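Structural overview for review
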Amino acid sequence: MDKLRITGGRPLEGTVRISGAKNAALPVMAATLLTPGLHTLRNVPRLRDTRTFARVLETLGARIAFEGDRMTIDTHGVNAVEAPYELVKTMRASIYVLGPLLARFGQSRVSLPGGCAWGPRPVNLHLAGLQAMGAKLEIEHGYIVGRGVKLKGVRFGFDVVSVGATVQLLMAAVLAEGTTVLENVALEPDVTALGEVLVACGARIEGLGSPRLTIRGVGSLRPVDATIIPDRIEAATFAAAAAMTGGTVRLEGVIPDHFEASLRKLEEAGCRIRRAADAAEVSGPRRPKAVEVVTQPFPGFPTDMQAQMIAVCAVASGSSLIEDTIYLDRFTHVPELARLGASIELQGNVAVVKGVERLSGAQVMATDLRASASLVIAALAAEGQSVIDRIYHLDRGYEALENKLAALGARVERVN
Ligand code: EPZ
């Protein structure tokens, strides 16, 4: 099992090119199931998760070529409708194939995703929305089974803002009979980007970027030809690393608006940030200031940056409060950060972080994707050497992270 060995204490300096967004690429990959054809996706990040999703699509009969950041998906041969447990259990987003398969084939058998490192992640809104559109779904032996489905337009409101459920229903609605109105949808850039890709394929969608989407079903779509938007969470993670190490990092190939809440919070913590159309330069302070963070759906502060922000606050002057309102138990990184010398007290879904002068290197273990990112940036600021185990979690969502960090002057190497 791979580990990362990091010797901390050196400010990060230089330029890093940010990869395509994992959470934007997966929905677009799923959307190719809506249409038999040859689809082209550019700026696709080479990650465990994009490779896993490619395997899910191949299981369904698609043929995929992935060279560099360019992925071609041939869905002429898609003839199966089952997404097996073995694959879905390794990546929850596999459930995104459910709506497109029901829309195109009227049937599907998709494993219920299991839990994840930080507890239950229900899919009730996915199922409720599809059932509202006329899909009779049964749960049989851990699988969601739909047969003889003809999706119809419906007015549906989400009780909770959900990225996945919004993506799911948006894809189901574009080929449904009649008009679908979705209320209280997620506004994450990944959702808006998917909508724009679908419109480019001939879908009829109004309201993108607003809480209400109106989708008029069409008979068929043209193949996908899309460039994946840059990864706002990877970008914000590097910005947090600059904040922690007191360095200056220029993020290239980004859309600053997509991670404005993170940039603003880092400015509050003392960073100097210069924004351009497709870049942002972050200069960390000698020592970050304590801040208060409450995670919210986009455009609020993202839960996917909660762990990284706790790391920054661990070395801040003063006490910080970080509250996660999206996932109440997403704090498996806290005990690991404590091993690096952080002083954090958990009160339910609120972390009270008492800043310390310096962290000290230690052996720690990654538990999930963003937790591992917080351990990496904490190790970069810690005195001495750290070894982070189980970094396959990191490989799910960060492309060649150690190479990008080394290019910024970090002393980091992958050992297995
Ligand atoms: C997406 O997960 C992201 N994953 C997550 O990023 C991210 O943390 C999350 O959105 C929130 O921004 C992908 O895009 C692949 P949700 P998703 O549905 O869609 C509740 C990462 O690190 N909910 O927006 O699963 C849910 O429990 C990953 O890249 C229901 O109650 O998240 C949560 O409290 C981790 N019922 C809230 O909604 C449902 O049917 C938001 O979850 C669905 C969700």
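As the structure is a computational prediction, the values presented were derived from the model and not from experiment.

Parameters at a glance
Every chain begins its residue count from 1, and numbering advances along the sequence as written. A pLDDT threshold of at least 70 governs which residues receive local features in this predicted model, and a stricter bar of 80 or more applies before side-chain atom pairs are shown or counted, although totals over entire chains, interfaces and linings include all residues. Hydrogens and waters are ignored; side-chain quantities use all the structure's heavy atoms. Strands are runs of DSSP state E lasting at least two residues, helices are runs of H or I lasting at least four, and both sets are numbered from the N terminus onward. The quantity called the radius of gyration is restricted to C-alpha atoms. Its globule counterpart is 2.2 Å times the number of residues to the power 0.38. For each residue, the accessible area found with a 1.4 Å probe, counting protein chains only, is set against the maximum for its type, and the residue is called buried under 20%, exposed over 50%, and partly exposed in between. Contact between two residues is taken to exist if any of their heavy atoms lie within 4.5 Å; hydrogens are not considered. Surface accessibility in these figures is a Shrake-Rupley result with a 1.4 Å probe; residues are shielded only by whichever protein chains are displayed. For this count, His and the chain ends are skipped, Lys and Arg are scored as positive, and Asp and Glu as negative. For the purpose of locating charges, the reference atoms are NZ of Lys, CZ of Arg, CG of Asp and CD of Glu. Whether a residue is near a molecule or strand depends on its heavy atoms: it is near if one of them lies within 4 Å of it. Whenever two N or O atoms come within 3.5 Å, that pair is a polar contact, provided that in protein one can donate a hydrogen and the other can accept it, and provided that, for residues adjacent in sequence, both atoms are side-chain atoms. Each residue receives one of three labels: charged for Asp, Glu, Lys and Arg, nonpolar for Ala, Val, Leu, Ile, Met, Phe, Trp, Tyr, Cys and Pro, and polar for the others, Gly being one of them. Only buried residues count toward a nonpolar core, which is a set of Ala, Val, Leu, Ile, Met, Phe, Trp, Tyr and Cys residues joined through side-chain atoms within 4.5 Å. Each Phe, Tyr or Trp ring, with Trp reduced to its six-membered ring, pairs with another whose centre is within 6.5 Å; inter-plane angles below 30 degrees give stacked pairs, above 60 give edge-to-face pairs, and intermediate values give tilted ones. We call a charge positioned over a ring when the NZ of a Lys or the CZ of an Arg lies within 6 Å of the ring centre and within 35 degrees of the ring normal.

**Digging into the overall build of the chain**
What the chain contains, in helices and strands, is 14 helices and 24 strands. For a compact globule of 416 residues, the expected C-alpha radius of gyration is about 22 Å, and the chain comes in at 21 Å, within 12% of that figure. Out of the 416 residues belonging to the chain, those deemed buried represent 58%. Residue pairs at least 24 apart in sequence account for 72% of intrachain contacts in the chain once pairs closer than 6 positions are excluded. Of the accessible surface of the chain, which amounts to about 15,700 Å², a share of 49% is contributed by carbon and sulfur atoms. For the chain, the distance from the average site of its 46 positive side-chain charges to the average site of its 43 negative ones is 1 Å.

**Quick word on the site of the ligand**
Near the ligand you find 22 residues, and of these Asn124, Leu125, Ser162, Asp304 and Ile326 are the closest. At 2.7 Å from a nitrogen atom of the ligand is found a side-chain nitrogen or oxygen belonging to asparagine 124. Taking serine 162, its side chain carries an N or O atom lying 2.7 Å from an oxygen atom of the ligand. The fraction of the free accessible surface of the ligand (820 Å²) that becomes covered by protein chains is 87%. Looking at the shell around the ligand element by element, the count peaks at three residues for helix H5 (residues 124–132). Per-class residue counts for the shell around the ligand are eleven nonpolar, six polar and five charged.

**With respect to the nonpolar core**
One finds Leu57, Val97 and Leu198 to be the most contacted residues of the largest nonpolar core, which totals 79 residues. Residues contacting valine 97, with those up to four places away along its chain left out, are Leu33, Phe53, Val56, Leu57, Leu60, Ala83 and Val110.

**Remarks on the packing of aromatic side chains**
Throughout the structure, instances matching the rule amount to one aromatic pair. Arginine 46 extends its terminal NZ or CZ atom over the ring of phenylalanine 66, reaching a point 4.1 Å from the ring centre. Just above the ring of tyrosine 143 sits the side chain of arginine 109; from NZ or CZ to the centre is 4.0 Å.

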